[in-house]
2 protein chains.
Amino acid sequence: MAVTLKDVAERAGVSRSAVSRTFTEGASVSAKTRKKVEKAARELNYSPSFIARSLATSRTKLIGLIANNFQNPVFLEVFDLFTQSLQERGLRPLLVNMTNQNDAEESVQMLKQYSVDGVILASSTMPPEFPQAFMGAGVPVVHAFGRYSPTPDVHVVGIDNIHCGALAAQTLSDHGYKKLGFLGGPQAATSTQDRENGFTSKAAQLGFLDVEVRYARAYAYDAGYNAMTDLLAENKVDAIFCADDLICMGAIDAAREHGVSIPEEMGFIGFNDMAMARWRAYSITTIRQPLTDIILGSVELVVSLLEQPDRAPEARLLPCKVIERDTLRSRPS
Amino acid sequence: MAVTLKDVAERAGVSRSAVSRTFTEGASVSAKTRKKVEKAARELNYSPSFIARSLATSRTKLIGLIANNFQNPVFLEVFDLFTQSLQERGLRPLLVNMTNQNDAEESVQMLKQYSVDGVILASSTMPPEFPQAFMGAGVPVVHAFGRYSPTPDVHVVGIDNIHCGALAAQTLSDHGYKKLGFLGGPQAATSTQDRENGFTSKAAQLGFLDVEVRYARAYAYDAGYNAMTDLLAENKVDAIFCADDLICMGAIDAAREHGVSIPEEMGFIGFNDMAMARWRAYSITTIRQPLTDIILGSVELVVSLLEQPDRAPEARLLPCKVIERDTLRSRPS
DNA sequence: AATATCTTTGCAACCGGTTGCAATAATAAA
DNA sequence: TTTATTATTGCAACCGGTTGCAAAGATATT
């Protein structure tokens, strides 16, 4: 059924090795043989089997792409960028959905069985032992959107969430708000912890006495809506840093239903700059995370790890910036 | 480095075949040997190589998951469901991003090289020759969200878009609107064509004289916003069927900016019932597509095709229903 | 106890490539 | 032209499993 090396070799009147070599980068074949082989291959519509090649070379060109967040639309953008840039490099993403996985072991096992060449973890909300588990499998691992550490034990490409929190505090302050609040995602998420820390300490430094801190149950619209509804009843804040745009949209809708005007009575700054942040109904001022750079960086890193698997883990941080739209009143002059 | 069959066999004091058999479904091994082998395997932390197994059995358990739409958030839900249900069956999704691909051949080639067991195309906006190309590769293909045909040449699991269009017309009529409009996605998309047909013919049947038909340049917010802005200037309609919720949100925002009140002055019905349709800022009345059923159906179908690859192509249609929210005024009594 | 039947086991070939090594061919140097 | 050097080629072993087949072992039948 399938046409193999052997068929091509016979047709071209050469040995199997010759055929193999014409399909291998930088192998030694004369122009003449190459010609013959290519002709035969074309006529038979032959294409080499990656499976067989993988077995022989123990390189599969498969990259495990592991995610546990299929709710937040930014991840669609993330998948788009990952798949495209992997494809461009001749690599293939084997997608793993860890949403309902309380145990990383199973996924690790599975990736080992497929002998993926490398693994990219795409998530900030991941129990710290997960990266470890993948790390332990002896496969190059890059944790995209991972937490910064000066001495990471796994390669990380991401952002400085603490600095982002500070950026948010500074921005709210600049725009003349007086009573700041933080609305995080799940308290267990390191991204929320870091953004909160950065936010509250910068706020303190800027002279804000106390900052109201709340958590949404998830990085999700409803969670933001509910948390904000509670917060509104207490009338404690006039500006909020939401740790995610989705949360921010929920919060904004809650505020509007409560009759508060945005940005005059209450200011909002979000996080991510997802596509929807631009929608007219929201037009959120938000902190943009350099998605493309993070992803290209992760892919590049994993590719270079294929060559030198033992490079010491590094953390690569990329800068975020504030995108000003319409949920903050204009700066006082 | 990696521990193989041979290592386990030696340690357990049995033949390689014995080890292979204890790891193969329904092979004949005595309880005693199985015990020994499992012990040895555990001690060595052995797990069989899928690559080697694939080579021997010519079954990879890899399913090509092909998509060309990474802009519409519903697809995140689609990926979530696909990956989960494939995983549950011990299959693995090899994700292919055809966004920038004008030629299917390359992807077909690639999937052939990885010898995927089957392929799922997840898209409605796909040139008809693509399914053909994948079909031609001699691999089971299921076209999820594909177009209905009584005599399909590739397996299809999807919805009856013509009927959905009719449903929309009926609904707008029921709610007392008089001047109907259709706002589609790209005119080349079969899903738009079918929804339009169903909509206009049902409208005609219900006595609507002429229906305004427009197309957004893409299934996207901005496209909907722009198309609606144009349409509003002409003041021709009082109710619109948008062929996608994203388009609908753009259109709604355009209408609001134009000062028209929803649902009194203008009614909207969307399509998909994506998560955002529920957001308070929109709360769109929309036609729900049974995503979960389509996906489970597609996976089931592809699985059954693994057993009987030559089953005649069938088209499986699943019912949609209207989800009433707040973008249509209440029915006249 | 001897024979028939059913399981379990190991051997060895095979899946479709890659690659080190030695033999051969082509080219350069003397 | 002969010899030294380099480039190409084929052989055969290997990657890590699976599986048909025949031999050996267990169990059932008479």
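Since we're looking at a predicted model, the values are computed, not measured.

1. A look at the domain arrangement of chain A
Residue and element names in this part refer to chain A. In terms of domain boundaries, chain A breaks down into domain 1 (5-57), domain 2 (62-159 + 290-318) and domain 3 (161-289). Computed from C-alpha atoms alone, the centre-to-centre distance between domain 2 and domain 3 is 28 Å. Each partner contributes to the interface: domain 2 provides eleven residues, whereas domain 3 provides 17 residues. Across the interface of domain 2 and domain 3, roughly 1200 Å² is buried in total on both sides, 54% from carbon and sulfur atoms.

2. Topic: the packing of helix 6 (residues 104-113) of chain A against helix 7 (residues 129-136) of chain A
Residues and elements named next belong to chain A. Two numbers describe how helix 6 lies on helix 7: the axes approach to 9 Å, and their chain directions differ by 30°. Our classification of the angle between helix 6 and helix 7 gives roughly parallel. Helix 6 and helix 7 meet at a crossing whose hand is right-handed. Across from A104, E105, S107, V108 and L111 in helix 6, the residues of helix 7 making contact are F130, A133 and F134. Within the contact of helix 6 with helix 7, the residues separate by chemical class into six nonpolar, one polar and one charged.

3. Observations regarding the packing of aromatic side chains
Summed over the entire model, instances satisfying the criterion amount to 22 aromatic pairs over all chains. Between F79(A) and F79(B) the ring centres are 6.5 Å apart and the planes differ by 70°, which places this aromatic pair in the edge-to-face class. Of this pair, F79(A) sits in helix 5 (residues 74-88) while F79(B) sits in helix 5 (residues 74-88), on two different chains. Taken together, a centroid distance of 5.3 Å and an interplanar angle of 40° make the contact between F199(B) and F241(B) tilted.

4. Quick notes on the protein's contact with DNA strand C
Looking at DNA strand C, there are 26 residues lining it, with L5(A), R16(A), S20(A), R53(A) and T33(B) nearest. Take T33(B): an N or O atom from its side chain is 2.4 Å from a phosphate oxygen of DNA strand C. For the surface near DNA strand C, the secondary structure elements donating two or more residues are helix 2 (16-22) and helix 4 (50-57) of chain A together with helix 2 (16-22) and helix 4 (50-57) of chain B. The biggest single contributor to the surface near DNA strand C is helix 4 of chain A, with five residues. Taken together, the residues of the surface near DNA strand C sort by class into eleven nonpolar, eleven polar and four charged.

5. As for the relation of the copies chain B and chain A
Superposing chain B onto chain A takes a rotation of 180° combined with a translation of 0.0 Å along the rotation axis, leaving an RMSD of 0.1 Å. Given the turn and translation reported, the copies of this chain are related as if by a two-fold rotation axis. When C-alpha distances to the rotation axis are compared across chain B, the minimum falls at L94(B), with a value of 2.5 Å. Taken as a fraction of all interface residues of chain B, those also at the interface in chain A reach 100%, which identifies the copy contact as same-surface.

6. Focus: the pattern of salt bridges
Under the criterion given, the structure shown has 36 salt bridges over all chains. We note a salt bridge from D194(A) to R147(A), for which the minimum N-O separation is 2.7 Å. Here the residue D194(A) occupies a position in helix 9 (residues 190-205), and R147(A) occupies one in the loop between strand 4 (141-144) and strand 5 (155-159), the gap between them amounting to 47 residues. Overall, the relative accessible area of 8% leaves D194(A) in the buried class. Between E43(B) and K39(B) there is a salt bridge, with its nearest N and O atoms 3.2 Å apart. Of the two residues, E43(B) and K39(B) are both situated in helix 3 (residues 31-44); the distance of four residues between them amounts to about one turn of the helix. With relative accessibility at 48%, the residue K39(B) sits in the partly exposed group. Ionic contacts of the salt-bridge type, sharing partners, join the residues E212(A), R214(A), E234(A) and K236(A) into one network.

Conventions adopted
- Residues numbered from 1 in each chain as written.
- Chains lettered and ligands numbered in written order.
- Predicted model: local features only at pLDDT ≥ 70, side-chain atom pairs only at ≥ 80, totals over all residues.
- Heavy atoms only, no water.
- Domains from an automatic or database assignment.
- Contact = heavy atoms within 4.5 Å.
- Buried area = accessible area lost by both parts, 1.4 Å probe.
- Axes fitted to C-alpha atoms, helices over the stretch in contact; angles between N-to-C directions.
- Helix = DSSP H or I, 4+ residues; strand = E, 2+ residues; numbered from the N terminus.
- Parallel < 35°, antiparallel > 145°, perpendicular 65-115°, else oblique.
- Left-handed = near helix turned anticlockwise from the far one by under 90°.
- Nonpolar A, V, L, I, M, F, W, Y, C, P; charged D, E, K, R; others polar.
- Phe/Tyr/Trp six-rings, centres within 6.5 Å; stacked < 30°, edge-to-face > 60°.
- Near = heavy atom within 4 Å.
- Polar contact = N/O pair within 3.5 Å; in protein donor to acceptor, adjacent residues only side chain to side chain.
- Least-squares fit on C-alpha atoms with pLDDT ≥ 70 in both.
- Salt bridge = Lys/Arg side-chain N within 4 Å of Asp/Glu carboxyl O.
- Buried < 20%, exposed > 50% of the residue type's maximum accessible area, 1.4 Å probe, protein only.

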